[in-house]
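Topology and contacts: notes
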Amino acid sequence: MPETSVAHFYDELADDYHLIYADWDASIRRQGDALDGLMGQDNASVLDCSCGIGTQAIGLALRGHRVTGTDLSARAAARAVREAAHRGVTLRTGVADMRRLPFPDGRFDTVVCADNALPHLLTEQDVRAALAEMRRVLRPAGLLLLSTRSYDDLLRNRPASASPQVHQATDGGERTVTFQLWHWHEDGEHYDVEHFQLLPTGGEWRVRVRRTVYWALGRDRLAGLVTDAGFVDPEWRMPHETGFFQPLLMARASK
């Protein structure tokens, strides 16, 4: 059976992750600006508990926040540190499961869990455990920023694929194509992903395929789980409102 663990998926993807974006540096700045605009606080202590190679974490560090990143993938977290240093900002990272965060209670002003990371957790028990940890490490009234795919729309249609994304080298050279095939489970909520990257190699294409699984959590259901975890005033904000590329759930830790 192909390896589908989340850590393996992102370890394998870490070196090529930036190729998902048409322009990764522009995405870093755009996403950092959007999240910063929602935070309404300067020099905040931020945990990005699914930091990957640093897209949101670096973007927030460039806005002057004190950012710590954790991720299941050691390879991705290590790259995030290097990429941050290359851009002149400091980012501390560690390898951690969002269900077991290695920080004391009330450590952060804001917790970010973006880019559809939470739906890698495939049971309600695991989602509840992760949200409880995010609540625990936030100070009273601290801010949660959580983004997922627009699953309310996807659950209506259960598409078989996601649109391809094309990255072109900055020198105008070769292009890389990324696309996904989705295989929905019988329960209609979970789906397997085959993540393809077509990498140009001297006139030919080299194909990389990586596999993982997601749980398509609708907005109302996720907002209810966030409330159960000790957050108040959950509110979904759409991309046209925020400038962020996915729907964002904002909520405050209870006081």
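Anything mentioned here points back to the structure above.
Residues numbered from 1 in each chain as written. Predicted model: local features only at pLDDT ≥ 70, side-chain atom pairs only at ≥ 80, totals over all residues. Heavy atoms only, no water.

1. Re helix α7 (residues 219-228)
Taken as a whole, α7 has its buried residues at L222, A223, L225 and V226. Down the axis, α7 shows its buried residues gathered within 160° of arc, on one side only. Opposite the buried face of α7, at more than 90 degrees from it, the exposed residues are D220 and D228. Considering only its buried residues, α7 is in contact with α5 (124-137), β5 (138-147), β10 (231-237) and β11 (248-253). (Buried < 20%, exposed > 50% of the residue type's maximum accessible area, 1.4 Å probe, protein only. Helix = DSSP H or I, 4+ residues; strand = E, 2+ residues; numbered from the N terminus. Arc of directions from axis to C-beta. Contact = heavy atoms within 4.5 Å.)

2. Notes on the pattern of salt bridges
Scanning the entire structure with this criterion turns up 22 salt bridges. Across the pair R211 and E194 runs a salt bridge, and its minimum N-O distance is 3.3 Å. Remark: E194 occurs in strand β8 (residues 190-201) and R211 occurs in strand β9 (residues 204-215); sequence separation between them is 17 residues. Accessibility expressed as a relative area gives 18% for E194, which makes it buried. Put simply, E124, R128, E189, R221 and D228 are held in one network by salt bridges that share partners. (Salt bridge = Lys/Arg side-chain N within 4 Å of Asp/Glu carboxyl O.)

3. Some thoughts on the sheet that holds β9
Here four strands make up an open sheet; going across it, the order is β6-β7-β8-β9 and the pairing antiparallel. What marks the edges here is a single partner per strand, and that holds for β6 (161-168) and β9. Direction aside, the axes of adjacent strands within the sheet are offset by 15° on average. Note: strand β7 (residues 175-184) against β8, eight bridges, orientation antiparallel. Bridge assignment links V177 to a residue of β8, and that residue is L198. (Pairing = 2+ DSSP bridges. Axes fitted to C-alpha atoms, helices over the stretch in contact; angles between N-to-C directions.)

4. Structural notes on the packing of α5 against α7
Between α5 and α7, whose axes approach to 9 Å, the crossing angle comes to 50°. Taken together, the axis directions place α5 and α7 in an arrangement best described as oblique. Read as a crossing pair, α5 and α7 show a hand that is right-handed. Residue-level inspection shows E124, V127, R128 and L131 of α5 in contact with α7, the latter providing R221, L222, L225, V226 and D228. Class assignment of the residues belonging to the contact of α5 with α7 gives a composition of five nonpolar, no polar and four charged. (Parallel < 35°, antiparallel > 145°, perpendicular 65-115°, else oblique. Left-handed = near helix turned anticlockwise from the far one by under 90°. Nonpolar A, V, L, I, M, F, W, Y, C, P; charged D, E, K, R; others polar.)

5. Comments concerning the packing of aromatic side chains
One pass over the full model with this rule turns up 11 aromatic pairs. With 6.3 Å between their ring centres and 35° between their planes, Y17 and Y21 make a pair best called tilted. On the basis of relative accessible area, Y21 is assigned to the buried category, the value being 10%. Seen from their ring centres, W182 and W184 are 6.3 Å apart, and the 70° between their planes marks the pair as edge-to-face. Owing to a relative accessible area of 4%, W182 belongs among the buried residues under this scheme. An aromatic cluster is defined as three or more aromatic residues linked by ring pairs; in this entry it consists of Y151, W182, W184, Y191 and Y214. Seen from the ring of F108, R107 lies directly overhead, with NZ or CZ sitting 4.8 Å from the centre. (Phe/Tyr/Trp six-rings, centres within 6.5 Å; stacked < 30°, edge-to-face > 60°. Lys NZ or Arg CZ within 6 Å of the ring centre and 35° of its normal.)

6. A closer look at the sheet that holds β10
Reading across the sheet, the seven strands line up as β3-β2-β1-β4-β5-β11-β10 and stay open at both edges, with mixed pairing between neighbours. Looking at the sheet topology across the chains shown, the edges are occupied by β3 (92-95) and β10. The sheet shows a mean angle of 20° between the axes of neighbouring strands, taken without regard to direction. In this structure, strand β4 (residues 108-113) lies alongside β5, joined through five bridges in parallel fashion. Bridge pairing in β5 places T110 opposite L143. Its contacts with the sheet place helix α4 (residues 74-86) against β2 (66-71) and β3, and it is angled at close to 175° to β3.

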